[in-house]
Amino acid sequence: MGQLYFDNYSPVGDIIVVSICVVFLILVLTSYVTKTNNFKIFLCIVGCLVFASLSEVLYHNIYAHITNGNYTAVYIFRILYHFFLFLILLLYVFYVVELQHLELEKKIPIMMVSVVTFLIVLAIEIITTINGKGFRLDKSGNVVSSVNTFLYGYTALVAISVVTMLVFRHRLYKRVMMGFYGTVAVAFIVLFIQGRFDQSSFTAATFLFPTLGMLYLIHSNPYNIELGAIDSKALEDIVRYNYERKETMIFMSLYMPDFDGEGISIPKEMRDIIRKFASEFFKGALLFQINNGHVILMAKKSSNPDYENRVNKILNAFDEQYARFRKDYKIVIGETIDEISRKNEYISFINNVHRNMKMNSVRMIEYSDVEEFNRYEYILSELADIYRRRDLRDSRVLAYCQPVFNIKTKKYDTAEALMRLKLPEVGLVYPDQFIPLAEEYGYIHVLTQIILQKTCDEIRYLVKEGYEVNRISINVSVLELKDEGFTGDVTRIIRDSNIPDEKVAIEITESQSEDDFNIMKKKIDEIKEMGIKLYLDDFGTGYSNMERIMDLPFDIIKFDRSLVIASDANERSAKMVGNMANMFTELDYSVLYEGVEDEDDEKRCINMSASYLQGYKYSKPIPIIELKNFFSKSDVGNTMVKQD
């Protein structure tokens, strides 16, 4: 090999490696990378690459300047160079083991074999160099013998990494694994080509390829280039990272519902402004995009001790932009709270704060928000348990009702069933606090089945005791109608309760969606065939499509409290409400006014074609077992109950 070994080396390859490693570090510092154990191993690999490259440059440079034939320093730096390369290969093994989340009993043997292999090949490298059987230079500086211990060590450690990946390949996403294989293959090819041309300049560079694969495949968490934001996974990681270090963070959340939907994005002008806010108003701030219409900014409090002033500046600037764009928003501001950081639930926490905010308002976080969030989490966990158990007589779901006055019979013979929760830690929970959650998480149909079962139980009892029961209605969410088993579930509960189908009515709120309307129509037709009465609930709120209403076989139209109030506003409003009620009556619908609170309301509604009246004038919602205090007994007794 002789002098050629050193003549065919150029420091260019090592200088490029060092430069790229510095670029890696710059990218890591200026972007966001998830700070896992693997990331720490990755940084160690980058550091070893720098030291390996510098060692190779040094031992070749020392060789070039030796004139006395003493090459001890060359041997030392060459061993040091190989030490860092072997260490990189060992770290590759550790990285793969950590990446695959192996159990301790599988992880330890692999790591022990790797460490032993590393120590053996390093010891052989040192011993063969000392005894002259490995790399050795004569007095003229020529290589006179060279047992290539590096090649054997390289092959052994790479083999451990590859075999580990193959054996536990089911634990890695296939494309990620193929990416690693590809980078290792390129490294082998470059080493082979280098050997063919008696080159030694790019050995360290081949170690760079898998490292580049690590950064791109595993650790890259790229920005949304247009917005300058990273994703919610990165938010969770930065919360965890700073919580472990007792670092308090400041956060600002901006939610714009107009952009909260699939295929909708914030316009470019607004993106530019949000990006500017994130970069100019806080030091070291990071912006996270939770969904299309929701972004959260976070910054260290220690880097922004005057953050209150900065918050005021950003809010003033935001007001100027709101006057320009006129898009609805909700802004939440606060410092990180240990209780929320420990559970790493800021997205859920902020979303819960949103639920209780008015549109176009700013909320400064208080501890009461944490208490409310804990209550929300508890209610949600109880709903999940109710859903999981599917006990149709679950004691946590209470059946309430509100009696309805029948104008024709002058009696209470109908009622609306209502739902409450009674939970051990928080007591009575009202529908506005749990129905939206049940709908959002898909628990609502089980709750409806429970309230239907309890309503049927009470109807059966009342009829057996001789009370006059025309019917009791239950409320059904439009979301439930999408369930293919909805009609079957309702039918089974009523039939198993041995009561006539007509004793139960179902209340449905009209949907604005064309798809939901078609689903609703299909299910209503099925229910109607059973003899169950149908109510259109909340008529007069939001959007009402008269053509759709006429196309659905409702029996009773419930006029919302807002129409009762409107009818008392002026003569024109009273005529409009009255004419609508008259029209429905002439079309053989019955009209039920809800929210009747006093005698004046009652008189107006009776004069506006009322068939039924419901409201606080007659009764507030009561436990369903108290309904017997309103219903009258008949002479028929229990003959209307189906025989078992």
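Residues numbered from 1 in each chain as written. Predicted model: local features only at pLDDT ≥ 70, side-chain atom pairs only at ≥ 80, totals over all residues. Heavy atoms only, no water.

Student: What's the story with the pairing of strand S14 (residues 533-539) in this structure? I'm lost.
Tutor: Side chains on a regular strand alternate between the two faces of the sheet. In terms of burial, S14 is a largely internal element, five of the seven residues being buried. In this structure, strand S13 (residues 504-509) lies alongside S14, joined through five bridges in parallel fashion. Within S14, the residue paired with Ile-508 across the bridge is Leu-536. Two strands pair when backbone bridges link them, and S14 and strand S15 (residues 556-559) are joined in this way by three bridges, in the parallel orientation. Bridged to Leu-536 within S15 is Ile-557. (Buried < 20%, exposed > 50% of the residue type's maximum accessible area, 1.4 Å probe, protein only. Helix = DSSP H or I, 4+ residues; strand = E, 2+ residues; numbered from the N terminus. Pairing = 2+ DSSP bridges.)

Student: Mind showing me how you'd approach helix H13 (residues 346-355) here?
Tutor: Every α-helical turn comprises 3.6 residues, leaving residues that sit three or four positions apart pointing alike. Counting buried positions along H13 yields seven of ten residues, so the element is predominantly enclosed. Listing the buried residues of H13 in full gives Tyr-346, Ile-347, Phe-349, Ile-350, Asn-352, Val-353 and His-354.

Student: I'm lost on the environment of Lys-283 in this one. Help?
Tutor: Structurally, the position occupied by Lys-283 is in the loop between helix H10 (268-280) and strand S5 (286-291). Distance from Lys-283 to Met-298, taken between C-alpha atoms, is 9.9 Å for residues 15 residues apart in sequence. With residues up to four places along the chain from it excluded, the contact list for Lys-283 reads Ala-299, Ser-303, Asn-304 and Arg-310. (Contact = heavy atoms within 4.5 Å.)

Student: Help me understand unusual backbone geometry, please; the structure alone is not making it clear to me.
Tutor: Of all residues except glycine, most have a negative phi; of all peptide bonds, most are trans. Look at Arg-326: it is not a glycine, yet its phi comes out positive at around 55 degrees. Turning to its location among the elements, Arg-326 is positioned in the loop between helix H11 (307-325) and strand S7 (330-335). Overall, Arg-326 belongs to the exposed group, its relative accessible area being 53%.

Student: How do you make sense of the packing of helix H3 (residues 37-65) against helix H4 (residues 72-99) when you look at a structure like this?
Tutor: Across the interface, H3 lies against H4 with an axial gap of 8 Å and an inter-helix angle of 165 degrees. It follows that H3 is roughly antiparallel to H4 by the angle criterion. As for the relative orientation of H3 and H4, their crossing is left-handed in sense. Class assignment for the residues of the contact of H3 with H4 results in 26 nonpolar, three polar and three charged. (Axes fitted to C-alpha atoms, helices over the stretch in contact; angles between N-to-C directions. Parallel < 35°, antiparallel > 145°, perpendicular 65-115°, else oblique. Left-handed = near helix turned anticlockwise from the far one by under 90°. Nonpolar A, V, L, I, M, F, W, Y, C, P; charged D, E, K, R; others polar.)

Student: Just to check I follow, could you spell out the environment of Arg-460 for this structure?
Tutor: Tracing the backbone shows Arg-460 in helix H16 (residues 444-464). In this structure, the C-alpha to C-alpha distance between Arg-460 and Pro-500, residues 40 residues apart in sequence, is 9.3 Å. Of the polar contacts made by the side chain of Arg-460, one reaches the backbone oxygen of Asn-498; its length is 3.5 Å. (Polar contact = N/O pair within 3.5 Å; in protein donor to acceptor, adjacent residues only side chain to side chain.)

Student: Help me understand empty space enclosed by the protein, please; the structure alone is not making it clear to me.
Tutor: Taking a probe equal in size to a water molecule and rolling it over the atoms shows the remaining empty space. Tallied over the full model, the rule gives two cavities of 30 Å³ or more. Space inside the largest cavity adds up to approximately 310 Å³. Together, 23 residues line the largest cavity, and Leu-254, Ile-274, Phe-277, Phe-318 and Ile-331 are the ones closest to its centre. Of all the elements, H11 adds the most residues to the lining of the largest cavity, at six residues. (1 Å grid on protein atoms, 1.4 Å probe; cavity = no way out; pocket = protein on both sides within 12 Å on 5 of 7 lines; lining within 4 Å. Points joined across faces, edges and corners; volume = space filled by probe spheres on them.)

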